[in-house]
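Here is what each chain is made of, one letter per residue.
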Amino acid sequence: MGPDWPGKSNDLISWYLEIAEGEERTAPALVLRILMTNFAAIHTSSMAFTYALFELAAHPEHLLPMREEVESVVKKQGWSKAALNSMVKVDSFLRESQRLNPGATVEMTRKVVAKEGFRFTDGIIVALVYVTSRAIHYDEVNYENSTKFDGFRVAQERVEYTANHDPSQDIFKRQMITTAVDHLPFGNGRQACPGRFFAATELKAMLAHLVVNYDIKAEVEGVRPPDAMVSLRITPSPSGKLCFRKRMD
Ligand code: HEM
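What you see is a predicted model; the values in this text were computed from it and never measured. Residue numbers run consecutively from 1 along every chain, following the written order of its sequence. pLDDT decides what is reported in this predicted model: residues at 70 or higher carry local features, side-chain atom pairs at 80 or more are listed and counted, and totals for whole chains, interfaces and linings draw on all residues regardless. Neither water nor hydrogens contribute to the side-chain values; these are computed over all heavy atoms in the structure.

A. Layout of the site of the ligand. It suffices for a single heavy atom of a residue to lie within 4 Å of a molecule or strand for the residue to be listed as near it. In the region of the ligand, 21 residues are neighbours, and Arg-110, Gly-187, Asn-188, Gln-191 and Cys-193 sit closest. Arg-110 has a polar side-chain atom sitting 2.7 Å from an oxygen atom of the ligand. Take Gln-191: an N or O atom from its side chain is 3.3 Å from an oxygen atom of the ligand. Residue assignment for the shell around the ligand shows that the elements contributing at least two residues are helix 2 (27-58), strand 1 (107-111) and helix 8 (196-213). Numbering goes from the N terminus for both helices and strands, where a helix is a DSSP run of H or I of at least four residues and a strand is a run of E of at least two. It is helix 2 that provides the largest number of residues to the shell around the ligand, a total of five residues. All amino acids are sorted into three groups, where Ala, Val, Leu, Ile, Met, Phe, Trp, Tyr, Cys and Pro are nonpolar, Asp, Glu, Lys and Arg are charged, and the leftover types, Gly among them, are polar. Here the residues of the shell around the ligand are counted per class, giving 12 nonpolar, seven polar and two charged. Any pair of N or O atoms that falls within 3.5 Å is considered a polar contact. Within protein, one atom must be able to donate a hydrogen and the other to accept it, and sequence-neighbouring residues count only if both atoms are side-chain atoms.

Take a look at the structure:
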């Protein structure tokens, strides 16, 4: 039948089967790969959304502008992938939430393969490198008022950018999916998270649905439930509570 045939599945198991060879093409090896992908995909996305809800409840002034944006975009483009791309405020809000809430104090573990290790300019030699993503995200050199949550930090910038550039020629470099040395929620470089396009689509769709259908309130006004630390990892409070109600108007 060759590599393509009518009705061929287009899913994760099929993609793995297509490239796996030798001992990688056995059921245990494929199951481990799928479990590993689930591990990379699920807790990260749920944590990112929980953080976004905590930030929204603590900074409720962001809700109505996002509601207006989503309603206006959906009116023109329906609930589509293209519509999600046009939700500039929703994208900016999630990006800011990820900036202030990376999943760990350090990310991007890299094993040095050179036998002599990696030598920093001060002479220190290491075999393993981590990047201090949280410190970078909170650095005033990189972000003005860096500790302040400003959900629309890049939204206006993007509107202005888009108005002045041909969208087919250039892309705004500070979207939720864009990685950079000063924005590392998805890592950076060759090993940057390959699931980030999927994650951004699902998180934006969920947040857009939420802001048009629900009102949200913090349990204690303006207070964001405190994070929990697990070794080098930081997680949203497992006991934090928020109040939701179906939108009344
Ligand atoms: C908000 C959600 C997510 C966050 C914050 C996140 C974050 C990350 C980070 C920080 C890395 C390490 C990047 C580096 O070392 O430079 C990574 C790698 C990875 N992520 Fe995600 N991720 C998310 C969602 C997903 C999803 C939905 C999938 C799959 C559908 C996924 C699959 C992977 C895989 C396979 C890797 C390893 C890439 C490699 O080593 O080549 N991630 N992710």
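B. The arrangement of the coordination of the iron atom of the ligand in detail. Any N, O or S atom lying within 2.8 Å of the metal counts as a donor, and for Na, K and Ca the limit rises to 3.2 Å; water is left out, so some sites can look incomplete. A lone protein donor binds the iron atom of the ligand: Cys-193 (SG), at 2.3 Å. Secondary-structure assignment places Cys-193 in the loop between helix 7 (155-164) and helix 8.

C. Inspection of helix 7 at higher detail. Each residue is placed in one exposure class: buried if its accessible area under a 1.4 Å probe, protein chains only, is under 20% of its type's maximum, exposed if it is over 50%, and partly exposed if it falls in between. Within helix 7 the residues assigned to the buried category are Ala-155, Arg-158 and Tyr-161. For helix 7, the buried positions fall inside an angular range of 120° around the axis, keeping them on one side. Across from the buried face of helix 7, at angles greater than 90 degrees, the exposed residues are Ala-163 and Asn-164. Throughout, a contact is declared for two residues whenever any of their heavy atoms are within 4.5 Å. Each element contacted by the buried residues of helix 7 is listed here: helix 4 (81-86) and helix 5 (88-100). Each C-beta atom gives one direction from the helix axis, and the arc is the one those directions make.

D. Inspection of unusual backbone geometry at higher detail. One non-glycine residue, Met-108, adopts positive backbone phi at about 55°. With respect to the helices, strands and loops of the structure, Met-108 is situated in strand 1. What makes Met-108 buried here is its relative accessible area of 17%. For Ser-231, which is not glycine, the phi dihedral falls at a positive 55°. By the secondary structure assignment, Ser-231 is in the loop between strand 6 (228-230) and strand 7 (233-235).

E. Just the environment of Arg-245, in detail. Mapped onto the elements, Arg-245 comes out in strand 8 (residues 242-246). Separated by 220 residues in the primary sequence, Arg-245 and Arg-25 place their C-alpha atoms 49 Å from one another. Sequence-distant contacts of Arg-245, that is, excluding residues within four places in its chain, are made with Asn-213, Tyr-214 and Asp-215.

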